[in-house]
Amino acid sequence: MKHQEVELLALGAGPSNLALAVALEELAPELATRTLIIEQHENVVWQRGMLLPWTQSQVSFLKDLVTLRNPQSRFSFVNHLHSVGRLSEFVNLGSFTPYRMEISNYLLWVAESLAQVRIEYDRRCVAVEPVLTEDGGVERWVVQLADGSTIGCRTLVVGAGRDAHIPEVFGAIPRERIIHSTEYSKGIAGLDHDAPHRVAVIGGAQSAAEMLWATHQNMPNAQCTMVMRSIGLNGYESSKFTNELFYASFVDEFHRSRPDARRQLLGEMHRTNYAGLSPGLLENLYRQIYLERLTGQERIKMITMAEIAGARLEGDEIVLTLQDRKSGGYDELPCDVLLLGTGFDRRMPALIRDLAARAGLGEIGVDRFYKLALPAGSGASCYLQGVNEDTHGIADSLLSTLANRAEEIVSDIQGSNAAAELLAPFALPIAS
């Protein structure tokens, strides 16, 4: 069984850990040479399941991996465009929001441009085992990979994203019959696009609407039904006043707020990211539905204010039981394809919950600098990226604060390492 040792190991080569890699190379080059990122896929792709050619980011290109921290960095999105000969075209486009594939290409370019931080692909983490001291502290981590190999480290950074949310009501439906938005591109590619599929899309936000539109456009004979709990589709809340809550500087204010204020902030910010659609997609969907009603060839249907009360498999057919939230009555919706725009599990990812349990943690908590609270006397550290909305605000899982967060984590690691070096001469040896 192959084993290797590194100082810092980051799980996932997504935006969070790529921003961290850039910050390491610019701020802590010595540590960067002892850092490894592992990625379960064969390459770097942003929003792999929903990388549709016409989709755009809702975030300014200036909120890339580095610009808000270091506008002179060679790792900026603008320098990427210049490097690949597309800067003039992007400027001429006149948009602050790039296409999703452009951001994906940018992330791949950054990964390939790193000079010190290493990235290894096709390395899937299946478990993280803490190595404990006699008094219960965490001395280091051993990461177990799907191929049977292991990697040991003192500093672990988890940036692998949240787990997909599959509501319990769909528990009786075989998993291979369900396509969550995180796997849409791969899942839909396996279907006959010319067949008269009856497609049910569950959800009323951007991902669900994107799947509805893509399926409708690419499957000309499909009947597409969108089922949602809300009264209808809404646009993103995009006020410049509320957008100030996505500033990196707002993290401090959110973090020191009382719990009830945090809940209010998260609740009121919900439509800025989770419960709304982009204006262009809203317009496209409404006009398409209007035209289909005009011509009498309706292929899109909206069912609003409906709960999924049950789901079962009858032969080869999926049957959904819907409860009308207005009348309380029930109806059934048969379908062939089930697409879930149900978002992500609000809990910490299973990998982190398992890691915490193995480390003997009663609860999972991070400090202001994203460091997991470990037992006293721990020489190891673990940082969590993109899963701290409850303590750091709604921007935590988005691109907006990546550059600044990476700097904060690097600074905290440097401070912790410096303190450990000062205390090392006074440390007692660990019994073998």
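Just above, that's the structure.
Nothing here was measured: the structure is a model prediction, and the numbers come from that model. (Residues numbered from 1 in each chain as written. Predicted model: local features only at pLDDT ≥ 70, side-chain atom pairs only at ≥ 80, totals over all residues. Heavy atoms only, no water.)

## As for the environment of glycine 232
Definition in use: In DSSP terms, a helix is any run of H or I states spanning at least four residues, a strand is any run of E spanning at least two, and both are numbered starting from the N terminus. Each residue gets one of three labels from its accessible area relative to the maximum for its type: buried under 20%, exposed over 50%, partly exposed in between, using a 1.4 Å probe on protein chains only.
Summarising the element assignment, glycine 232 is placed in the loop between strand 11 (223-227) and helix 8 (240-243). Assessed through its relative accessible area of 15%, glycine 232 is described here as buried. Sequence separation between glycine 232 and alanine 306 is 74 residues; the distance between their C-alpha atoms is 11 Å.

## Quick look at the pattern of salt bridges
The condition is simple: Salt bridges are identified by distance alone: a Lys or Arg side-chain nitrogen within 4 Å of an Asp or Glu carboxyl oxygen.
Under the definition given, this model contains 29 salt bridges. One salt bridge in this structure joins arginine 34 and glutamate 7, with 3.8 Å as the shortest N-O distance. Of this pair, arginine 34 sits in the loop between helix 2 (29-32) and strand 3 (35-38) while glutamate 7 sits in the loop between strand 1 (3-5) and strand 2 (8-11), placing them 27 residues apart in sequence. Glutamate 7 gets classed as buried once you look at its relative accessible area, which sits at 16%. The salt bridge partner of aspartate 260 is arginine 258, with a shortest N-O separation of 3.7 Å. Here arginine 258 falls in the exposed class, since its relative accessible area comes to 59%.

## Brief notes about the packing of aromatic side chains
We apply this condition: Put simply, two rings from Phe, Tyr or Trp (the six-membered ring, in Trp's case) pair if the centres are within 6.5 Å, and we call them stacked under 30 degrees between planes, edge-to-face over 60, tilted for the rest.
Within this structure, the stated rule accounts for seven aromatic pairs. Ring geometry for phenylalanine 250 against phenylalanine 254: centres 6.5 Å apart, planes inclined by 55°, an arrangement best described as tilted. Linking phenylalanine 250 with phenylalanine 254, this pair stays in helix 9 (residues 250-255), spanning four residues, or about one helical turn. Exposure class is identical for phenylalanine 250 and phenylalanine 254. Each is buried. Each residue in the set Phe61, Phe77, Phe90, Phe96, Tyr106 and Trp109 is aromatic and connected to the rest through ring pairs, giving one cluster.

## Points about the nonpolar core
Cut-off, in case you're wondering: Only buried residues count toward a nonpolar core. Its members are Ala, Val, Leu, Ile, Met, Phe, Trp, Tyr and Cys residues joined through side-chain atoms within 4.5 Å. Residues count as neighbours in contact if any of their non-hydrogen atoms are within 4.5 Å of one another.
Counting residues in hydrophobic clusters, the biggest one holds 43 residues, and the most contacted among them are Leu24, Leu65 and Leu107. Only strand 2, helix 1 (15-27), helix 2, helix 3 (77-83), helix 5 (100-113) and helix 15 (402-423) provide two or more residues apiece to this core. No other element matches the seven residues that helix 1 contributes to this core. The contact partners of leucine 107, leaving out residues within four places of it in the chain, are Pro15, Leu18, Val44, Trp46 and Leu65.

## As for helix 5
We apply this condition: For a helix, the expected span equals 1.5 Å multiplied by the residue count minus one.
Spanning 14 residues, helix 5 covers 20 Å between terminal C-alpha atoms, matching the ideal 20 Å at 1.5 Å per step. For helix 5, the full list of buried residues reads Arg100, Glu102, Ile103, Ser104, Tyr106, Leu107, Trp109, Val110, Ala111 and Ser113. Tucked inside the fold, the buried residues of helix 5 contact helix 1, helix 3, helix 4 (87-93), strand 4 (118-120) and helix 7 (206-218).

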